[in-house]
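Spelled out, the chains give:
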Amino acid sequence: MSSNTSSIITPEQEQLLSILKGSRIGRALRKLGYITREQAEESAAMQLEGRKGEPLGQILISLGRCDQKAADRALAYTKGLAYFDLDATEISQDAINAVDGRLVRMGQFVPLDVDLASRKIVIAVKDVNNFGAADNLKQMGNWRRVTVGLAPAAQVDRVIAEKYPERGGDARTVLEGVGSGGAAVSALEGRGDSVALA
C-alpha cells in the first residue's frame, strides 16, 4: 500500500476489530467508553418493552447517551469493519485515480488507499450492509483484496461529490469536458437534429 497505509487502519483499530467483531452494539459502546453497563441495560430493557424493533443504537441516541458517530463506530467494529472519519483521514490521490468515478458513484464508497502492484484497496462505505461495493471492485475493478470500513454518510457523499463530479449535460458540456472545446460543437452546428451513422 502507499506510504500512509499505517495511518489508514491503525493498530488500535485492528485490536478493537479483533475484540469487538461479532459483539452486540451495547457491548461495543461500553468497551469504547461511550456508555456504562447500566445505560446499556436500561436501553435493552426499553427495546424489549415498548420500542421493539428499534435498533439499540438509535434508542441510546434518542436518550442522549451517545451520538450518531459513536453508534456508527461501534456498529462498524461489531461487523468487522474499520471506522474512518474522512475529515481526519488522509485520502491517497493514487486511490482516487485508481477507481472510475462511475463505479464509485454507483457503489457509494470512497477509495482511501491502494497498492497498485498487489491490487489491494481500502475503501470507506456509508452503510455497513453495502457488500456490493467490495464485490463490484473485485469483479469490475479487478482488485484482489478489498478492505472495507465505515464512514459517516455525509462525509462519503461530500468526498464523492468533490473527487468524482458527475460528468453530463448537453453535447457542448460533454465535449468541453473532454477537451474538444467549442470547435467540435461548432463543427456540428447546422447539421440538423440527427447524425447519419451509415
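Residues numbered from 1 in each chain as written. Predicted model: local features only at pLDDT ≥ 70, side-chain atom pairs only at ≥ 80, totals over all residues. Heavy atoms only, no water.

## With respect to the overall build of the protein
Each helix and strand in the protein was counted, giving twelve helices and four strands. By residue count, 38% of the 198 residues in the protein fall in the buried class. A separation threshold of at least 6 residues defines the contact pool for the protein, and within that pool the share at least 24 residues apart is 59%. Here the protein has roughly 11400 Å² of accessible surface; of this, 48% comes from carbon and sulfur atoms. (Helix = DSSP H or I, 4+ residues; strand = E, 2+ residues; numbered from the N terminus. Buried < 20%, exposed > 50% of the residue type's maximum accessible area, 1.4 Å probe, protein only. Contact = heavy atoms within 4.5 Å. Areas by Shrake-Rupley, 256 points an atom, 1.4 Å probe, with all protein chains shown as cover.)

## Brief notes about the sheet that holds strand β4 (residues 145-150)
Remark on secondary structure: sheet strands pair via backbone hydrogen bonds, oriented parallel or antiparallel. One open sheet holds the four strands; their spatial order is β1-β4-β3-β2, and the pairing between them is mixed. Looking along the sheet, the strands with just one partner apiece sit at the ends: β1 (82-83) and β2 (109-115). Pairing of strand β3 (residues 120-125) with β4 involves six bridges; the strand directions are parallel. Within β4, the residue paired with Val122 across the bridge is Thr147. (Pairing = 2+ DSSP bridges.)

## Re the confidence of the model for the protein
Mean pLDDT over the protein stands at 83; residues scoring 70 or higher make up 81%. Contacts from residues 2-6, a stretch scored under 50 in pLDDT, to residues over four places away or in other chains number seven contacts. (pLDDT = per-residue confidence, 0-100.)

## Some remarks on the pairing of β4
Of all six residues that make up β4, five are buried, and the element is covered over most of its length. Looking at chain direction, β1 and β4 are connected through two bridges and run parallel. The partner of Ala82 across the bridge, within β4, is Gly149. With respect to chirality, the unit in which β3 leads through helix α9 (residues 132-140) into the neighbouring parallel β4 is right-handed. (Right-handed = clockwise from strand over helix to strand, strands pointing away.)

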